[in-house]
Amino acid sequence: MTNRQPLLQVSGLKKYFKIRRSILSKLLARQKDLLVRAVDGVNLAIEEGETLGLVGESGCGKSTLGRSILNIFPPTAGEVSLRGENILKFSKDELLKFRQQAQIIFQNPYSSLNPRKTVRDIMTVPLVQKGIRDPIKREEMIFSLLKKVGLSEYHINNYPHQFSGGQRQRIGVARALAMNPAFIVCDEPVSSLDVSVQAQIINLLEDLQQEFNLTYLFITHDLSVIYYVSTRIAVMYLGKIVEVSPTLEFFDYPLHPYSRALLSAIPIVDKAARRERIILEGSVPSPIYVPSGCPFHPRCPEKIGDICRTNLPELREAETGRLVMCHLYIDQRL
Ligand code: SF4
């Protein structure tokens, strides 16, 4: 991390979903509406040109966080600033302009493209939004974007079903690039692809990052993917960020007990380099009934007594450039 202003700053971001009870159960059983705390007070800063990897188990709130940052899911509370401007206070017009600067690449290349539209139709929408009215110029831009993502101009009249999964994801990348964005949320962009195709898409994203100075929030549950793509890693558990570390330090010695458990589960061929497997008790609690104190305490193999059960630790700097949300580490420093 440097002292300059980050490209994107997220402060106290919350996204709660309400589950409504029926009027009958409210009256007879006095049951209240339930709240799913999908994102629960996230603070993050992403530097220009970096890739921040966001990892965690399924259901921890990663994708909801990505969508809340882009205001696709309007946040319940908090701030999201792009170059110092709080986007949650933007008017409709300002929000449209923001959408040009911040794009998303979706996980599933099969469902993220309209099967009834050709590549030309799909690519035309963002270019029209961007104000490119001249159809000849638009066509040239589509050719150029297709070339950038490794497709050919002959693909322009094809429909999504005529492409492989990897090619469809390339179209998704080209569509995101059409807006000339500064920031892209890559939401599990390679999870549904074969391993060989995953490598091609990751290389493509890295090349485009270099060429256009793009900043990525790269969401995945796969730590071996995150190792190759990220500058820093943020670990999420039950809607909260529990560790933020530079990638190499994170893989060398993770600070948070949950990060240690995640890393211990990666299969490693070299016997000498293998870590002892940490098996966590139980499963991830429901985000409706978040445990008191540290949300990880019911499963934590290193918990240190009542403080973990009753006090919510803050995400604090533990070493230069490394943040951790854990009493254990803070207590060791005292
Ligand atoms: Fe484990 Fe306590 Fe640290 Fe939570 S605060 S991760 S329970 S040691």
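Before going into details, it helps to say that this report is about the structure given with it. Each chain carries its own residue numbering, running from 1 in the direction its sequence is written. Where local features are concerned, this predicted model is filtered to residues with pLDDT of at least 70; where side-chain atom pairs are given and counted, the filter is 80 or more; whole-chain, interface and lining totals use all residues. Heavy atoms from the whole structure form the basis of all side-chain values; hydrogens and water molecules are not counted.

### A closer look at the site of the ligand
By convention in this text, a residue qualifies as near a molecule or strand provided that one of its non-hydrogen atoms is within 4 Å of it. Close to the ligand lie His256, Pro257, Cys294, Phe296, His297, Cys300, Glu302, Lys303, Cys308, Cys326, His327 and Leu328, which account for all nearby residues. Looking at the shell around the ligand residue by residue, the class counts come to 7 nonpolar, 3 polar and 2 charged. Following the grouping adopted for this structure description, the nonpolar residues are Ala, Val, Leu, Ile, Met, Phe, Trp, Tyr, Cys and Pro, the charged ones are Asp, Glu, Lys and Arg, and the polar ones are all others, Gly among them.

### A word on the pattern of salt bridges
The term salt bridge refers to a side-chain nitrogen of Lys or Arg lying within 4 Å of a carboxyl oxygen of Asp or Glu. Going through the model one piece at a time under the given rule, you end up with 12 salt bridges. The salt bridge partner of Arg322 is Glu243, with a shortest N-O separation of 3.1 Å. One end of the pair, Arg322, is in strand β12 (residues 322–324); the other, Glu243, is in strand β10 (residues 240–246), with 79 residues separating them in the sequence. This pair shows no difference in class: Arg322 is buried, exactly as Glu243 is. Across the salt bridge formed by Arg309 and Asp306, the nearest N and O atoms sit 2.5 Å from each other. In this pair, Arg309 and Asp306 both sit in helix α11 (residues 306–310), 3 residues apart, roughly one turn of the helix. What emerges from the salt-bridge pattern is a single network uniting Glu243, Glu319 and Arg322. Secondary structure elements are defined from DSSP: runs of H or I of at least 4 residues count as helices, runs of E of at least 2 residues count as strands, and each element is numbered from the N terminus. Note on classification: 1.4 Å probe, protein chains only; a residue is buried when its accessible area is under 20% of the maximum for its type, exposed when over 50%, partly exposed between these limits.

### Notes on the sheet that holds strand β4 (residues 77–82)
Pairing is antiparallel in the open sheet, where 4 strands are placed in the order β2-β1-β4-β5. In this open sheet, the two edge strands, each paired with only one partner strand, are β2 (34–46) and β5 (85–86). Should any heavy atoms of two residues lie within 4.5 Å, those residues are counted as being in contact. Each axis is a line fitted through C-alpha atoms, and for a helix only the stretch in contact is used; angles between axes span 0 to 180 degrees, taken between their N-to-C directions. Here helix α2 (residues 62–69) sits on the sheet in contact with β1 (8–19), β2 and β4, set at roughly 115° to β1. Here the rule is simple: two strands pair whenever DSSP picks up at least two bridges between them.

### Considerations on helix α4 (residues 119–129)
Looking at α4, one finds that the buried residues are Val119, Ile122, Met123, Thr124, Pro126 and Leu127. In this fold, the buried residues of α4 make contact with α5 (135–148) and α6 (165–177).

### Description of the packing of α6 against helix α7 (residues 195–212)
Look at α6 against α7: their axes get within 10 Å of each other, and the N-to-C directions meet at 20°. In terms of axis orientation, α6 runs roughly parallel to α7. Considering how the two elements wind past one another, α6 and α7 form a crossing that is right-handed. For the pair α6 and α7, the contacting residues are Gly166, Gln169, Arg170, Val173 and Leu177 in the first and Val197, Gln200, Ile201, Leu204, Leu205, Leu208 and Phe212 in the second. Taken together, the residues of the contact of α6 with α7 sort by class into 8 nonpolar, 3 polar and 1 charged. Convention used here: angles under 35 degrees read as roughly parallel, angles over 145 as roughly antiparallel, angles from 65 to 115 as roughly perpendicular, and any remaining angle as oblique. Crossings are sorted by hand: turned counterclockwise from the far helix by less than a right angle, the near helix makes the crossing left-handed, and turned clockwise it makes it right-handed.

### A look at the environment of Gln129
In this fold, Gln129 is placed in helix α4. Separated by 49 residues in the primary sequence, Gln129 and Ala178 place their C-alpha atoms 9.9 Å from one another. Ignoring anything within four residues of it in the chain, the contact list for Gln129 reads Gln100 and Met179.

### So, empty space enclosed by the protein
Whether a set of points on the 1 Å grid over the protein atoms alone is a cavity depends on a 1.4 Å probe fitting there but being unable to get out, while an open set qualifies as a pocket with protein on both sides within 12 Å along at least five of seven lines; lining residues are those with an atom within 4 Å of a point. Grid points are joined across faces, edges and corners, and a volume is the space filled by probe spheres set on the points. Per the stated rule, a full pass over the model turns up 2 cavities of 30 Å³ or more. Quantified by volume, the largest cavity comes out at close to 90 Å³. As for the largest cavity, its lining consists of 13 residues, and the residues nearest its centre are Cys294, Cys300, Lys303, Cys308 and Cys326. Across the lining of the largest cavity, the residue classes break down as 8 nonpolar, 3 polar and 2 charged. In this structure, the second largest cavity occupies an estimated 40 Å³ of space. Around the second largest cavity sit Thr51, Ile202, Leu205, Glu206, Gln209, Tyr216, Phe218 and Val229, which together line it. Here the element with the most residues in the lining of the second largest cavity is α7; it accounts for 4 residues. Class assignment for the residues of the lining of the second largest cavity results in 5 nonpolar, 2 polar and 1 charged.

### So, the sheet that holds β10
The sheet built from 8 strands is open, its strands ordered β6-β7-β8-β3-β9-β10-β12-β11 with mixed pairing. Bordering the open sheet on either side are β6 (102–105) and β11 (316–319), each of which pairs with just one other strand. Averaged over all adjacent pairs, the angle separating strand axes in this sheet is 25°, with direction ignored. Examined bridge by bridge, β11 and β12 share 3 bridges and lie antiparallel to one another. By the bridge assignment for β12, Glu319 is matched with Arg322.

Limitation: the analysis is restricted to geometry and does not speak to function.
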